[in-house]
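What the coordinates show
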Amino acid sequence: MNMEFDEIRPYHDEELPQIYEELIADPAFQQVASAVFPEVPFEALAQKMRACKTKLEFQKAFCYVILRKFSRDTTQGVTLDHTAQPEHESAYTYISNHRDIILDSGFLSVELIDKGMDTVEIAIGDNLLIYPWIKKFVRVNKSFIVQRTLTMRQMLESSGRMSRYMHHTIKDKNQSIWIAQREGRAKDSNDRTQESVLKMLAMGGEGDIIDRLTEMNIVPLAISYEYDPCDYLKAQEFQLKRDIPDYKKTQADDLKNMQTGLFGAKGHVHFQVAPCINGELAKLDRSLPKPELFSEIAALIDRNIHANYRLYPGNYIAHDSLSGTGTFAGQYTSEEKKHFMDYIDQQLARIELPNKDMPFLREKILLMYANPLTNYLATQTDNPK
């Protein structure tokens, strides 16, 4: 049994009974479970947990039900188009843009279950594991831990171990993975793959960079939310960072972002899977210097994500509003424009700052909705390779 990954991996199925008992005995977990399932006595939930023999059974019994409820209550429908990657027998590394802390990977797994496919293992930063029960719960829910608060030397060791774990998961366990293209969410929705993520993936495996990344079966995934409930919190953060040089988010801020993202209205949500990039990796010049190679691969993933956004009226309205033109007026009605601009005003009103810089905040929120369109348009004029 490989002990190297014990600290970061999801639990093995045979470890679940012990972890269930620890969760069931935790008052904080009891409180959350009772809040999520108010109509079910906690003892009944405990019995149902004990009956789940595998992580997937647990996910179907609990996580699927919870996420379906969020989808019903806070969206106008979640859809997944997986046709670009039809063969189900391989395990893939889905690399996606990152909008919502919990729901990006959560909604993806729900949609995969509905398509008769397996759920994904999820990379999750340890900064979000605020309470002991959360750390246990996410590891029951097929998450592996990305250690963030480390010294440089520890970080290198930790990245190497995580990379080896991910290669092991794809190659030996034949289990798909979801990972965000960058650490944290792109606050302005200008989605770019961090080369550090690719460097981490290329630490494990055999052969050169291309061989190692090919082994990961990377599939770019574009996630498009019609509305981002956290848009006003992100705009607020932009002003705080501008005005306070060493501003840092607190744990309370992380919790508020999670809560707002979960419970806020999102409109339509779409997941678009692009083809696996192995064919395109094979065409790259392996003799290029490493920095150039990583830069090309990041750009390749970005193009695939940008070209696969689902664009909504708000994206076109925001773009026109920022440019002061009616370039995309054919893409929306006057009612849709009024509805969207009213929405922006409502979100701006929710910002709690003593010295609100309204023009700055408005521009920041509009940019969040315009950037996906800007990036999409760039893929239409690029020379696609």
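Residues numbered from 1 in each chain as written. Predicted model: local features only at pLDDT ≥ 70, side-chain atom pairs only at ≥ 80, totals over all residues. Heavy atoms only, no water.

Things to note about helix H13 (residues 290-306)
For H13, with 17 residues, the first-to-last C-alpha span of 24 Å sits near the 24 Å given by 1.5 Å per residue. Looking only at H13, the buried set comprises Leu-293, Phe-294, Ile-297, Ala-298, Leu-300, Ile-301, Asp-302, Asn-304, Ile-305 and His-306. The inward-facing, buried residues of H13 abut strand S2 (93-96), helix H8 (195-201), helix H9 (209-215), strand S6 (218-225), helix H12 (278-282) and helix H16 (358-381). (Helix = DSSP H or I, 4+ residues; strand = E, 2+ residues; numbered from the N terminus. Expected span 1.5 Å × (residues − 1). Buried < 20%, exposed > 50% of the residue type's maximum accessible area, 1.4 Å probe, protein only. Contact = heavy atoms within 4.5 Å.)

Here's the deal with the sheet that holds S6
Spatially, the seven strands line up as an open sheet ordered S1-S7-S6-S2-S5-S3-S4, and their pairing is mixed. What marks the edges here is a single partner per strand, and that holds for strand S1 (75-81) and strand S4 (143-146). Going from strand to strand, the sheet's axes swing by 25° on average, the running direction of each strand aside. Note: S6 against strand S7 (residues 267-273), five bridges, orientation antiparallel. Residue pairing for S7: Leu-221 is matched across the bridge by Val-273. Along the sheet face, helix H6 (residues 132-140) touches strand S3 (121-125) and S4 and points at about 130° away from the line of S4. In the packing of H13 onto the sheet, the strands contacted are S2 and S6, and the crossing angle to S6 comes to about 40°. (Pairing = 2+ DSSP bridges. Axes fitted to C-alpha atoms, helices over the stretch in contact; angles between N-to-C directions.)

Thoughts on the pairing of S4
Here S4 shows no split at all, with Ser-143 and Ile-145 on one side and Phe-144 and Val-146 on the other all buried. The sheet contact formed by S3 and S4 spans four bridges and is parallel. Across the sheet, the residue bridging to Ile-122 is Ser-143, located in S4. Considered for its hand, the β-α-β crossover made up of S3, H6 and S4 is right-handed. (Right-handed = clockwise from strand over helix to strand, strands pointing away.)

Comments concerning the domain arrangement of the protein
Entries for the protein in the domain assignment read domain 1 (73-226 + 265-309) and domain 2 (229-262 + 311-384). If you average the C-alpha positions of domain 1 and of domain 2, the two centres end up 24 Å apart. On the domain 2 side, the residues contacting the 30 residues of domain 1 number 24 residues. Where domain 1 abuts domain 2, roughly 2400 Å² becomes buried across the two surfaces, and 60% of that area is made up of carbon and sulfur atoms. The three residues of domain 1 that bury the most area against domain 2 are Ile-130, Lys-187 and Tyr-309, which together make up 25% of that side's buried surface. The tally of links between domain 1 and domain 2 comes to zero salt bridges. In this structure, the connection of domain 1 to domain 2 is made through eight residue pairs in polar contact (both at pLDDT 80 or more). For the side of domain 1 that touches domain 2, the secondary structure elements donating two or more residues are S6, S7 and H13. (Domains from an automatic or database assignment. Buried area = accessible area lost by both parts, 1.4 Å probe. Salt bridge = Lys/Arg side-chain N within 4 Å of Asp/Glu carboxyl O. Polar contact = N/O pair within 3.5 Å; in protein donor to acceptor, adjacent residues only side chain to side chain.)

Some details on helix H7 (residues 152-171)
Between its first and last C-alpha, H7 extends 28 Å over 20 residues, near the 28 Å set by a 1.5 Å rise per residue. Of the positions making up H7, those classed as buried are Ser-158, Gly-160, Arg-161, Met-162, Ser-163, Tyr-165, Met-166, His-167, Thr-169 and Ile-170. Residues of H7 that are buried in the fold lie against S2, S3, S4, strand S5 (177-180), H8 and H9.

Considering the pattern of salt bridges
Going through the model one piece at a time under the given rule, you end up with 26 salt bridges. Linking Asp-228 and Lys-234 is a salt bridge whose minimum nitrogen-to-oxygen distance equals 2.5 Å. This pair shows no difference in class: Asp-228 is buried, exactly as Lys-234 is. In this structure, Glu-237 and Lys-241 form a salt bridge, with 3.0 Å as the shortest nitrogen-oxygen distance. Placement of the pair is Glu-237 and Lys-241 together in helix H10 (residues 231-243), with a separation of four residues, close to one helical turn. Exposure remark for Glu-237: the relative accessible area of 7% places this residue in the buried category. On the basis of relative accessible area, Lys-241 is assigned to the partly exposed category, the value being 45%.

Some details on the nonpolar core
Phe-58, Met-166, Leu-201, Ile-297, Phe-340 and Tyr-369 are the most contacted members of the largest nonpolar core, which totals 94 residues. Looking at which domains feed residues into this core, each of domain 1 (73-226 + 265-309) and domain 2 (229-262 + 311-384) gives three or more. Those residues in contact with Tyr-369 that sit more than four places away from it in its chain are Glu-226, Tyr-227, Asp-228, Asp-231, Gly-314, Asn-315, Ala-318, Phe-340, Tyr-343 and Ile-344. Grouped together as the second largest cluster of nonpolar side chains are 25 residues, Phe-70, Phe-107, Val-120 and Val-219 included. (Core = buried A, V, L, I, M, F, W, Y, C linked by side-chain atoms within 4.5 Å.)

Concerning the environment of Ala-298
Tracing the backbone shows Ala-298 in helix H13. Counting along the chain gives 103 residues from Ala-298 to Glu-195, while the straight-line C-alpha distance between them is 6.2 Å. Setting aside its immediate chain neighbours within four residues, Ala-298 contacts Thr-193, Glu-195 and Leu-198.

Quick look at the packing of helix H3 (residues 42-50) against helix H4 (residues 55-74)
Orientation of H3 relative to H4, taken along the N-to-C sense of each, is 150°, at an axis distance of 9 Å. Taken together, H3 and H4 sit at an angle that is classed as roughly antiparallel. Note on element contacts: H4 touches H3 through Phe-58, Ala-61 and Phe-62, opposite Leu-45, Lys-48 and Met-49. (Parallel < 35°, antiparallel > 145°, perpendicular 65-115°, else oblique.)

Focus: the packing of aromatic side chains
Taken as a whole and judged by the stated rule, the model has 18 aromatic pairs. Where Tyr-20 meets Phe-58, the ring centres are 5.9 Å apart and the plane angle is 20°; that geometry is what we call stacked. Here Phe-58 lies in helix H4 and Tyr-20 lies in helix H1 (residues 16-24), a separation of 38 residues in the sequence. Here Tyr-20 matches Phe-58 in class, with each residue buried. With a centroid separation of 6.4 Å and 90° between ring planes, the pair formed by Tyr-343 and Tyr-369 is classed as edge-to-face. Of the two residues, Tyr-343 is situated in helix H15 (residues 334-349) and Tyr-369 in helix H16; the sequence distance between them amounts to 26 residues. (Phe/Tyr/Trp six-rings, centres within 6.5 Å; stacked < 30°, edge-to-face > 60°.)

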